[in-house]
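Residue-level structural notes
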2 protein chains.
Amino acid sequence: MNYSQILQQKKMSADEAANFIKNGEIIGASGFTPAGHPKVVPTAIAQKGELEREAGREFKVTLYTGASTGDELDGALARGKVLKKRMPYQSNASLRSEINSGATEYADYHLSQLAQNLRYGFMDKVTTALVEACDVTDDGKVYLTMSNGNSPTYLQMADQIIIEYNQSVPQELKEMHDNYIPLDPPHRREIPIYSAGDRIGSPYVQVDPQKIKGIVWTDKKDAAAPFREPGEVEKKIAENVVDFLLHEEKKGRLPKGLPYQSGVGNIANAVLSQFATLPGISNVTLFTEVMQDAFFWIHEADRLNFCSTSALTFSAEGNEKFVKDIEIFKKKIMLRPQEISNHPELIRRLGLISMNAALEMDIFGNVNSTNVLGSKMMNGIGGSGDFCRNAYLSIFMCPSTSKGGAISNIVPMVTHVDHNEHSVEILVTEQGIADLRGLSPVNKAKKVISNLAHPDYRDYLSEYLSYGLEHAPSRHIPHVLGRAFELHQRFIETGSMKLS
Amino acid sequence: MNYSQILQQKKMSADEAANFIKNGEIIGASGFTPAGHPKVVPTAIAQKGELEREAGREFKVTLYTGASTGDELDGALARGKVLKKRMPYQSNASLRSEINSGATEYADYHLSQLAQNLRYGFMDKVTTALVEACDVTDDGKVYLTMSNGNSPTYLQMADQIIIEYNQSVPQELKEMHDNYIPLDPPHRREIPIYSAGDRIGSPYVQVDPQKIKGIVWTDKKDAAAPFREPGEVEKKIAENVVDFLLHEEKKGRLPKGLPYQSGVGNIANAVLSQFATLPGISNVTLFTEVMQDAFFWIHEADRLNFCSTSALTFSAEGNEKFVKDIEIFKKKIMLRPQEISNHPELIRRLGLISMNAALEMDIFGNVNSTNVLGSKMMNGIGGSGDFCRNAYLSIFMCPSTSKGGAISNIVPMVTHVDHNEHSVEILVTEQGIADLRGLSPVNKAKKVISNLAHPDYRDYLSEYLSYGLEHAPSRHIPHVLGRAFELHQRFIETGSMKLS
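So, on to the interface of chain A and chain B. Contacts between the two partners involve 82 residues from chain A and, on the opposite side, 82 residues from chain B. A combined buried area of about 6800 Å² lies between chain A and chain B, and 52% of that area is made up of carbon and sulfur atoms. A per-residue breakdown of the area chain A buries against chain B is headed by A:Arg348, A:Arg389 and A:His422, which together make up 13% of the total. Across the contact surface, chain A and chain B share two salt bridges.

Printed below as a string of structure tokens:
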């Protein structure tokens, strides 16, 4: 490869690059899921933080990213105790612990909204963009790697730019990005995407090369968790979802060719594996925020139409496949900013079928995606709000119980509401499906209890509903506040929601 | 006036028209706020229901509308006990009572979503459209009156159509409607509106004249409540809102010319009256779902640019002004389907400043707009979810207390979540403003308590927060479930949230 002059002239060590990071810095980093995040400079920043602290000097930074990132970024900075604040989503064990101890402030944000709200000036401006790239040209064209995230806006907004130039990713990625920043009101126009593969922007992000303070060379690969075979419960949930979709198609309520959005994790993988294997499914279009190995299953079954995403999070095995057949995949994949992959306008226009995991669901059709016991942050809302609210059809999935049955994920009242009765349409557990469209709260409750709850908890939930219909302030939503969190309270006191 | 043949040939009495309504009918009616709803046929339907019941026959119907309507529709059918189900919004005392007793099923729905979800086949199909019109042509052009609502979709979808031909409204209304039904996925394109006054559809709704079963002539006027002078608390809230907006403009975070959306009621009126009187405000654009008399104040102050809305709900005095200067107003007003007035794509593109009332707010930034004590339906979510989620800036307002101080509207945890921490940005009471953008939950709580809560409740709320920081499962959102509804419980038991 012929390296550009800038790649050579601005080459420096991670420690040298970390020196550009001052106390109070607002860092906008690349990375969406463990894909495309900076992998060596963050450790150097954490080390600088420790040295500064030892010298008695304050050293804290704010970190904005795309979404969750790899341990080399979120884990390193969290363990280095340098994170004052973090937005808009995370899923790292070390960072989660900092958030829940109160050491790191966390503002949990719809993924489609952070970039525009930064441009509007609603939050502290990004001072440093820290972005992984697979190429930088002398005139300031930055080519992103395995995710796009919020990098275009961070690169545009920052006072200074630090690049991690990653040599381990294929150069063909250059052709797979579609960078596009909408104009802001009052000058905004439509986002001119009408099918998943439409290209509206440019393959690179243009920056002022003067702003690039340093380029750190690396060859560290993204390290997504290896694929785990779905368990029985996950398989059953997936079967229920696919049964429902086929039923809707048969009823004429699901036009052919609507794109799918699918969250991450084993339930999502189980659903997509059905798309790859079940008879009668073809021509699958994905318009999603992150794509995992399921991409290959659908492709190998010759059922993949196109995949628009903000990140590619492949296992080591997946990455090998990706590199091997990249000439094919570059015609099948588009990497978009999360402001576009998750844009309400596009989700509603294209008619997405949205499938996301829930922590808990309540009998009246509200969903908790984020906070255990209304308090403890698990990961964050991510794109689930963007997708759920605007989808053609919105599905939330979870097992009916957790912790060997000690927790019912179907409860009278969720302890934190991320998606509410006005937006939630289809709920699924391994027990069955509850189609809540157009139902009153009481009719929702009856269906959720009989179709979704684990048999061990059905009697309790039915009794709660009956009690409410007698004693609640209203029979519209027959909640009795003094009893609404009984199951959770019992869990806190005894370690189980079960009676006796 | 020259009446079309169809107006004369299909003319019939309300009783005759009501005979087309059978048990189990799904009625899609015009009407959005007490504006443009059918005013004589519903009473006849209610009477038919009573006769049927007396004859021992079941007679129940489902009613879809635009939003709330007048007492002649919702009140008449509710008191007639003929409503099995009602969507998507209401604000009528008789109907509210039926909903809360459990006699009428109520599905509380985002106003932008009902029409498309009916077209998708997600709910029971409209069998009869019952629509107020100011003209019908022999080839089936129906001209709507003071609201647009969901009428275009109902007229298109219904098997049979009943028209209330209202002679009391000005014929110039014909030029003020812009009827437009988007294509459905996978064929949907952008909604091509780029400023509030853009016309994209037609002034009439085209129907098959064969489907028109009857036309009932009436001259009943819409009867909006007379304007009430805002009280001291409402004025103070309005001043706080306007102070905040001017502050944002000064900080360069509020571009000139962004359109305003404003809910109904006295707080909204108080805010808009400031727009009409405060120095330094000009060229006000409204992109909203309902316009009240405030329209005239802004117009008379020569500050009105344009008003796009789905309904005109004027007082008797306002109506006189409207008719008198209609040649001017028809260039200043566009009446749109609520699917368009409340469309996420347009709200986000145009950059709306959204201002809506709340029932209660919690310290962590969640808003209850609908259900008292998590149970009793007040009105419904209406458009507040459409606007809040996609607005440039989203403001919720309420007095810090109700019932002479016995209720704090600032609570530890709202009992029903219509808008959550991920979407709610600015909260306002007469005590002050809390700008929550980008804050962690704990920092939100500190600000809400000190800026918004009534002094009588600040100590309690601070103590709850401190207690949570010691005892909650996490310091991210330091909720203690056993205490979260303490204030509400005290109110249920003693009639006041106050200690002693």
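All right, on to the environment of B:Ala238 then. Residues and elements named next belong to chain B. Here alanine 238 lies in helix 8 (residues 232-250). Taking relative accessible area as the criterion, alanine 238 reaches 1% and is therefore assigned buried. Spatially, the C-alpha atoms of alanine 238 and glycine 265 are 12 Å apart, while their sequence positions differ by 27 residues. In this view, alanine 238 contacts Ala270, Val271 and Gln274; residues no more than four positions away in its chain are not counted.

Turning to the pairing of strand 19 (residues 393-397) of chain B, a few remarks are in order. Residues and elements named next belong to chain B. Judged by how many residues are buried, strand 19 sits mostly within the fold: five of five residues are covered. Alternating positions in strand 19 separate into two faces, Leu393, Ile395 and Met397 on one and Ser394 and Phe396 on the other, with burial throughout. Inspection of the sheet shows strand 14 (residues 353-357) paired to strand 19 by five bridges, in the parallel sense. When the bridges of strand 19 are listed, asparagine 356 appears paired with phenylalanine 396. As judged from the three bridges shared by strand 19 and strand 23 (residues 426-429), these two strands associate in the parallel manner. Within the sheet, the bridge partner assigned to methionine 397 lies in strand 23 and is valine 428.

Moving on, we come to the relation of the copies chain A and chain B. At an RMSD of 0.0 Å, chain A and chain B line up after a rotation of 180° and a shift of 0.0 Å along the axis. One copy is carried onto the other by what is essentially a two-fold rotation axis. Considering only C-alpha atoms, the residue of chain A closest to the rotation axis is A:Glu345, which sits at 2.2 Å. A symmetric contact is evident, with 100% of the interface residues of chain A recurring at the interface of chain B.

Let us look at the sheet that holds strand 16 (residues 367-368) of chain A. All names here are of chain A. The strand order across the open sheet built from three strands is 16-15-22, with neighbouring strands paired in mixed fashion. The open sheet has two edge strands with one neighbour each: strand 16 and strand 22 (410-411). Looking at chain direction, strand 15 (residues 360-362) and strand 22 are connected through two bridges and run parallel. Residue methionine 361 lies in a different strand from strand 22, and its bridge partner there is isoleucine 410.

Among the residues of helix 16 (residues 441-451) of chain A, those classed as buried are A:Pro441, A:Val442, A:Lys444, A:Ala445, A:Val448 and A:Ile449. Summarising the axial view, the buried residues of helix 16 of chain A lie within an arc of 155°, below the 170-degree limit, and thus occupy one face. The secondary structure elements touched by the buried residues of helix 16 of chain A are strand 15, strand 22, strand 23 (426-429), strand 24 (432-435) and helix 17 (455-471) of chain A together with strand 4 (105-106) of chain B.

With that out of the way, let us pick up unusual backbone geometry. Residue and element names in this part refer to chain B. The amide bond that connects methionine 87 to the next residue, proline 88, takes the cis arrangement and shows omega of -10°. The topology assignment puts proline 88 in the loop between strand 3 (83-87) and helix 5 (93-101). Following proline 185, the chain continues into proline 186 via a peptide bond in cis, with omega recorded as 5°. Topologically, proline 186 is positioned in the loop between strand 7 (160-166) and strand 8 (205-206). With phi around 50°, lysine 403 is a residue other than glycine that occupies positive phi space. Residue lysine 403 is classed as exposed on the basis of its relative accessible area of 65%.

The next subject is the sheet that holds strand 16 (residues 367-368) of chain B. Sheet architecture is open: three strands sit in the order 16-15-22 (chain B), paired in mixed fashion. The sheet terminates laterally at strand 16 and strand 22 (410-411) of chain B, the two strands that pair on one side only.

Next up on the list: the pairing of strand 1 (residues 26-29) of chain B. All names here are of chain B. Alternating residues of strand 1 divide into Ile26 and Gly28 and Ile27 and Ala29, and every residue in both groups is buried. In terms of strand pairing, strand 1 meets strand 2 (residues 61-64) through three bridges, oriented parallel. When the sheet's bridge partners are listed, isoleucine 27 is paired in strand 2 with leucine 63. Note on the crossover from strand 1 through helix 3 (residues 41-54) to strand 2: the handedness is right-handed. In the sheet, strand 1 pairs with strand 5 (residues 128-136) via three bridges, with the strands oriented parallel. By the bridge assignment for strand 5, isoleucine 27 is matched with threonine 128.

In the structure shown here, the tally under the stated rule is 33 aromatic pairs over all chains. On the basis of an interplanar angle of 70° and a centroid distance of 5.4 Å, the ring pair of B:Tyr120 and B:Phe122 is categorised as edge-to-face. Ring pairs connect the aromatic residues A:Phe295, A:Phe296, A:Phe314, A:Phe322 and A:Phe329, which therefore count as one cluster. Taking the ring centre of A:Trp217 as reference, the NZ or CZ of A:Lys11 above it sits at 4.0 Å.

For the rest of this paragraph, the subject is the environment of B:Ile353. Residues and elements named next belong to chain B. Looking at where isoleucine 353 falls in the secondary structure, it is placed in strand 14. When the C-alpha atoms of isoleucine 353 and lysine 256 are compared, they prove to be 11 Å apart, with 97 residues separating the residues in sequence. Discounting chain neighbours no more than four positions away, the residues touching isoleucine 353 are Leu245, Leu254, Leu258, Pro259, Tyr260, Gln261, Leu393 and Ile395.

Right, let's talk about the domain arrangement of chain A for a bit. Residue and element names in this part refer to chain A. Structurally, chain A comprises domain 1 (5-218) and domain 2 (232-494). Here the C-alpha centroids of domain 1 and domain 2 sit 29 Å apart. Taken together, the contacts link 50 residues of domain 1 with 46 residues of domain 2. One can count three salt bridges joining domain 1 with domain 2. Across the pair arginine 119 and glutamate 339 runs a salt bridge, and its minimum N-O distance is 2.8 Å. Taken together, the connections running from domain 1 to domain 2 amount to 28 residue pairs in polar contact (both at pLDDT 80 or more). Of all elements in the fold, only helix 5 (93-101), helix 6 (114-119) and helix 7 (151-157) reach the threshold of two or more residues within the side of domain 1 that touches domain 2. Broken down by class, the residue content of the side of domain 1 that touches domain 2 amounts to 22 nonpolar, 18 polar and 10 charged.

Residues and elements named next belong to chain B. Where helix 8 meets helix 9 (residues 266-277), the axes come as close as 8 Å, and the angle between the chain directions of the two elements is 50°. Relative to helix 9, the element helix 8 lies oblique. Here the hand of the crossing between helix 8 and helix 9 comes out right-handed. Residue-level contacts link Glu234, Lys235, Ile237, Ala238, Glu239, Val241, Val242 and Leu245 of helix 8 to Asn266, Ile267, Ala270, Val271, Gln274 and Phe275 of helix 9.

Bringing the side chain of A:Thr288 into the picture now. Residue and element names in this part refer to chain A. With respect to the helices, strands and loops of the structure, threonine 288 is situated in the loop between strand 11 (284-287) and helix 10 (294-300). Residue classification places threonine 288 among the buried positions, given a relative accessible area of 1%. At a separation of 3.2 Å, a polar atom in the side chain of threonine 288 contacts the main-chain amide nitrogen of serine 262. Excluding anything up to four places from it in sequence, threonine 288 contacts Tyr260, Gln261, Ser262, Ser308, Thr309, Ser310 and Ser341.

Our next topic: helix 5 of chain A. Residue and element names in this part refer to chain A. Along helix 5, the residues classified as buried are Ser94, Leu95, Glu98, Ile99 and Asn100. Buried-residue contacts for helix 5 involve helix 4 (71-79), strand 3 (83-87), strand 4 (105-106) and strand 18 (376-377). For helix 5, the side-chain oxygen to backbone nitrogen distance between the N-cap and serine 94 is 2.9 Å, and the N-cap itself is asparagine 92. Within two residues after helix 5, glycine 102 carries a phi angle of roughly 90°, on the positive side.

About the thresholds
Residues numbered from 1 in each chain as written. Chains lettered and ligands numbered in written order. Predicted model: local features only at pLDDT ≥ 70, side-chain atom pairs only at ≥ 80, totals over all residues. Heavy atoms only, no water. Contact = heavy atoms within 4.5 Å. Buried area = accessible area lost by both parts, 1.4 Å probe. Salt bridge = Lys/Arg side-chain N within 4 Å of Asp/Glu carboxyl O. Helix = DSSP H or I, 4+ residues; strand = E, 2+ residues; numbered from the N terminus. Buried < 20%, exposed > 50% of the residue type's maximum accessible area, 1.4 Å probe, protein only. Pairing = 2+ DSSP bridges. Least-squares fit on C-alpha atoms with pLDDT ≥ 70 in both. Arc of directions from axis to C-beta. Right-handed = clockwise from strand over helix to strand, strands pointing away. Phe/Tyr/Trp six-rings, centres within 6.5 Å; stacked < 30°, edge-to-face > 60°. Lys NZ or Arg CZ within 6 Å of the ring centre and 35° of its normal. Domains from an automatic or database assignment. Polar contact = N/O pair within 3.5 Å; in protein donor to acceptor, adjacent residues only side chain to side chain. Nonpolar A, V, L, I, M, F, W, Y, C, P; charged D, E, K, R; others polar. Axes fitted to C-alpha atoms, helices over the stretch in contact; angles between N-to-C directions. Parallel < 35°, antiparallel > 145°, perpendicular 65-115°, else oblique. Left-handed = near helix turned anticlockwise from the far one by under 90°.

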